[in-house]
Amino acid sequence: MLRTALRNVLAYRARLVMTALAITLGVAFVSGTLVFGDTVAEGLRGASARSLKDVAVSVQATTRRSSDREADDTRTTVLTGELADRVRAVPGVTSVRPTVNGTATLAAKDGRPLNADHNWQNLATNYAPDAPHGGRDSRFPVSAGRGPATGGEMALDRRTAAKAGYAVGDSVRFATQGPTLTKTLVGTVDTDDPRVTAGGSLALFDTGTAQQLFLQPGRFDELVVASAPGTDDRELADRIRALLPTEDITVTDGARLVQEQAEQITRNTKELTRTLLAFAGIALFVGAFTIANTYTMLIAQRSRETALLRAIGALRGQVVRAVLVEAALLGFGASAVGFALGTGLAAGLGPILDASGADLPDGPLVISADTLLQSLAVGVGVTLLAAWLPARRAAKVAPVQALSRVDLMPPRRGTALRHGLGGLLAGTGVLTLLYVSTRTDGSDSNLQAAALGSVLVLTGTIVLAPLLSRLPIRLAGAVTTRLFGVSGRLAQENALRNPRRTAATASALMIGLTLLTGLSVTGSSTDAALRAAAVQGLTADYKVSNAGPGGIDPALGAKVAEVPGVAQAAPVASANLGVRGTYVPFTGADPRRLAGVVDLEFSSGSLAEIGPGRIAVSDRLAERTGLAKGDTFLSTPGSGREPEELTVVGVYRETRTLGGAVGTLGDVLPHAVGGRLDSILVRAAADRSTSGLDQDIRRALGNSPLLRVQDQEQLTKAQAGTIDTLLTMTSGLLGMTVVIGALGVVNTLAMSVVERTREIGLLRAIGLDGRGVRQMVRLESVVISLFGAVLGIGTGIFLAWACGGLSRSSLPQYGIVLPWARLGLFLLLGLVIGVLAAVWPARRAARLDLLRAIDAQ
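For every chain, the first residue of its written sequence is number 1, and the numbers climb from 1 along that sequence. Given that this is a predicted model, residues contribute local features only at a pLDDT of at least 70 and side-chain atom pairs are listed and counted only at 80 or more, while totals for whole chains, interfaces and linings are drawn from all residues. Water and hydrogen atoms play no part in the side-chain values, which are based on all heavy atoms of the structure.

Unlike most non-glycine residues, asparagine 703 shows phi in positive territory, near 55 degrees. Numbering of helices and strands runs from the N terminus; a helix is a DSSP stretch of H or I covering at least four residues, while a strand is a stretch of E covering at least two. Here asparagine 703 is to be found in the loop between helix 21 (693-700) and strand 26 (707-711).

This part takes up the side chain of serine 507. Turning to its location among the elements, serine 507 is positioned in helix 16 (residues 499-535). In this scheme, a residue with accessible area under 20% of its type's maximum is buried, one over 50% is exposed, and one in between is partly exposed, where area comes from a 1.4 Å probe on protein chains only. The exposure class assigned to serine 507 is buried, which follows from its relative accessible area of 1%. Leave out the neighbours within four places in its chain, and serine 507 touches Phe289, Ile462 and Ala465. Here, two residues are considered to be in contact whenever any of their heavy atoms come within 4.5 Å of each other.

This part covers the environment of alanine 314. Here alanine 314 lies in the loop between helix 9 (303-311) and helix 10 (316-355). Through-space distance from the C-alpha of alanine 314 to that of alanine 395 is 9.7 Å; in sequence the pair is 81 residues apart.

The salt bridge definition used is simple: a Lys or Arg side-chain nitrogen within 4 Å of an Asp or Glu carboxyl oxygen. Applying the stated criterion across every chain yields a total of 18 salt bridges. The shortest N-O distance in the salt bridge between arginine 88 and aspartate 85 comes to 2.7 Å. Of the two residues, arginine 88 and aspartate 85 are both situated in helix 3 (residues 81-88); the distance of three residues between them amounts to about one turn of the helix. A salt bridge links aspartate 137 to arginine 97, with the nearest nitrogen and oxygen atoms 4.0 Å apart. Placement of the pair is aspartate 137 in the loop between strand 8 (122-126) and strand 9 (142-145) and arginine 97 in strand 5 (residues 93-99), with a sequence separation of 40 residues. Accessibility expressed as a relative area gives 8% for arginine 97, which makes it buried. Where salt bridges share partners, they join Arg97, Asp137 and Arg139 into one cluster.

A contiguous nonpolar patch, built from Leu825, Leu828, Leu831, Val832, Val835, Leu836 and Val839 and spanning about 590 Å² of accessible area, is present on the exposed surface. With six residues, helix 25 (residues 820-837) is the single largest residue contributor to the nonpolar patch. Topologically, valine 839 is positioned in helix 26 (residues 839-846). What makes a patch is a set of residues exposed beyond 30% relative accessible area and free of salt bridges, joined within 9 Å when like-charged and within 5 Å when nonpolar (Val, Leu, Ile, Met, Phe, Trp, Tyr). Exposure was quantified through the Shrake-Rupley algorithm and a 1.4 Å probe, taking into account, for residues, occlusion by the shown protein chains and nothing else.

With that settled, consider the side chain of aspartate 137. The exposure class assigned to aspartate 137 is buried, which follows from its relative accessible area of 1%. N or O atoms within 3.5 Å of each other form a polar contact, as long as, within protein, one can give a hydrogen and the other can take it, and as long as residues adjacent in sequence are counted only when both atoms are side-chain atoms. Here the side chain of aspartate 137 touches alanine 128 through a polar contact of 2.9 Å, landing on its backbone nitrogen. In this view, aspartate 137 contacts Arg97, Asn126, Tyr127, Ala128 and Pro129; residues no more than four positions away in its chain are not counted.

An order of 5-15-1-16 is seen for the four strands of this open sheet, with the pairing classed as antiparallel. On the outer flanks of this sheet lie strand 5 and strand 16 (249-253), each paired with one strand and no other. In this sheet, adjacent strand axes meet at a mean angle of 15 degrees when their direction is disregarded. One bridge is not enough; two strands pair if DSSP finds at least two bridges between them. Across six bridges, strand 5 lies against strand 15 (residues 222-227) in antiparallel orientation. Each bridged residue has a counterpart across the sheet, and for threonine 99 the counterpart in strand 15 is glutamate 222. Think of each axis as a best-fit line through the C-alpha atoms, taken over the contacting stretch in the case of a helix, with angles from 0 to 180 degrees between the N-to-C directions.

Let us look at a positive patch on the surface. We score Asp and Glu as negative and Lys and Arg as positive, and we do not count His or the chain ends. Here the site of a charge means atom NZ of a Lys, CZ of an Arg, CG of an Asp or CD of a Glu. Together, Arg771, Arg774, Arg778, Arg843 and Arg847 make up a region of like positive charge exposed at the surface. With three residues, the single largest contributor to the positive patch is helix 24 (residues 770-804). Note on placement: arginine 778 falls in helix 24.

Running from N to C, helix 24 and helix 26 cross one another at 150 degrees; their axes reach a closest spacing of 8 Å. The handedness of the crossing between helix 24 and helix 26 is right-handed. Where helix 24 approaches helix 26, its residues Gly770, Val773, Arg774 and Val777 are matched on the opposing element by Pro841, Ala842, Arg843, Ala845 and Ala846. Considered class by class, the residues forming the contact of helix 24 with helix 26 number six nonpolar, one polar and two charged. Helix crossings fall into two classes, left-handed where the near helix is turned counterclockwise from the far one by less than a right angle and right-handed where it is turned clockwise. In this classification, Asp, Glu, Lys and Arg are treated as charged, Ala, Val, Leu, Ile, Met, Phe, Trp, Tyr, Cys and Pro as nonpolar, and every other residue, Gly included, as polar.

It is worth spelling out the confidence of the model for the chain at this point. Each residue gets a pLDDT score, which is the predictor's confidence in that residue and runs from 0 to 100. Looking at the chain as a whole, the pLDDT averages 84, with 90% of positions reaching at least 70. Here residues 67-72 is modelled with pLDDT under 50, and outside its nearest four sequence neighbours on either side it reaches 14 contacts, counting other chains as well.

All right, on to the nonpolar core then. Grouped together as the largest cluster of nonpolar side chains are 43 residues, with contacts concentrated most on Ile462, Leu513, Leu516, Val738, Ile740 and Phe826. Contributing elements (two or more residues each) for this core: helix 2 (17-51), helix 8 (254-301), helix 14 (444-484), helix 15 (486-497), helix 16, helix 22 (712-755), helix 24 and helix 25. With eight residues, helix 22 is the single largest residue contributor to this core. Buried Ala, Val, Leu, Ile, Met, Phe, Trp, Tyr and Cys residues that are joined via side-chain atoms within 4.5 Å together make up what is termed a nonpolar core. Counting residues in each nonpolar core, the second largest holds 40 residues, with Ala61, Ala124, Phe174 and Ile249 among its members.

In structure tokens, the structure reads:
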């Protein structure tokens, strides 16, 4: 039986090509994901270890405010120069490098801000020369010029300087939190910090300047300790820990620091790897349909051979094992090729992402034994599981019955059982999703119900696909018969001949299109809702804000109002407001100015009634707390404040611009973080074009790289941009499932041609020419593909509709928006797949030798 299995793999290798290709692509997805994830993680760990190679002990301080005043956002720590001197005196310490950390957003030489939307990556620190390294900072080897030494100098990492277009001697514009600053670039440095090598920037200042910008004079964020050779860093950390005050200070040895960062990197990269593996799992699941279809058809075509084996003494178990050995050999060979292909994809993905600006860390390709074994196990395991049912079906057929005919229809009892099971699964799923559609919050229980209902509906649809296929294929057959005559009628009959085979082929394509459609509808609906929410109730032409966490200086509101062409400028601040156990954003602005830049819908009261101690609340807050116009309550604006008595003077429809409550600027600004504004809303004068006004505002405010002046279109794009990017990436990942589904169509048609060789020969003998044969196969392919596309699109729309309502609690504007152009593209994709999938099988069918075909068994 083993020799039989080996012979079958070689004898039927042409019929297994598409199946092997489906396995190869699925395993390539898995192995590429694992290799790429391991490579990125190892590169980040290596970069982190290199950046910490000279760190024996790290002494880090918790940041505190320099005063108890909420409006004061100046940072301070307990680390001082005196503590640094005490650490230097500890035996075994060779040097102590006091460090100040912050962020600085740069403006490129042409004026554009660098990484303004990712301010956390714009690192800034002090350049601290030490004597053991010749008066240079060992963390940052100088690549050109020198390190900064005075308040008017700075240095940049080499990549950032090149990206911004700066050379040594140029004046560099940047901002931390306040106004734009300018310093002379005196040097560039190299760094292994993974935050910088992954696309961030690094700005260096002398220690005094860094303290003025980010901390306080004489204070530090960290003391980096170097030790003498042979020193036990753990013991050294214990001695330093005993020397320093325990409050607000953490002492960590270098080895532990490297380990902690490596663990954090592993956790972060695992999330990415798991996400990609989920898509790879979907691709393999679709591939399983192709495998199962292949073995079902192969076993039917080899029924005479199986019957002879049974007749000469082969047991049922031996037949099953022979088929599984054959499947295992196929899975192993295809998985090995898939692993090699995935490794190549992982090697090429890094340079591609780097070219698009990802700046991945340098490092060798990591190919572990675990990755190889996991990839092979997945490929072989999926192949065996998909081939198991066809193998059992073959072993259960009696020898005489198998010799009597080639293609056995499933028994009526089995068909009825399948339909009953499919109806139960689909019906339960539909009822679950109908319940989910009535919910408006994305709680864990609702999300779990939505996931369960979606799985049940998709599974039930797959099980019921043979039953569901009959009417659509008959309708399509009526069209093809009318347009193409005999070829169209034969295509219909061929598709209906074995509904299970047709359904399995269409289901492989349906799964990918269901997921693509569901994501497209959900993405389009969310995109439309976010765009509407971004500017709902906003009549201002521009919103001025800060890309960093520091907010806007309140004095800038008056400067914006003085810009020619500005009709109204409304400074806006925000804080947290405690209302009867609920905390909501509390927006503060001058009511008269606010009326010129927003259009609120009041159900009671008005904007004009807002004043000191008098606020308006949103309808959603009023519903949660029971507040109404005229109510008075004790509230806590900000944190750690004494309760204040506030009176409700109005209820309005909540918008994203203003949040849960609105009061005066005087009531809110003292409790805002740092006593700074969130934004300034600007309306242009009626006789002034908005063209160029944003640049006038930027110039009036010092043109800081942190400054954002956005019109309504830019605000909507900022809200919806992430959704568009996520939708594009997800669609690309799911595209693999559609490719594998298309391979399934090619595979089924090609094997069907082999199975119907004698039939095709007889059709040719009674007058159907080669063109008619090609047309018959092509139309059969199109009918099956369109059925899968229509079923997938319909199922995807239903799933998106049922689950979409869960976002209404956080996004009330959400409503189903069908992306007709994209849905039409999916339907066209099904048609194209049908045409292309039939090219090779149709050509093969038309070129069959007439006499040999008639003589085929």
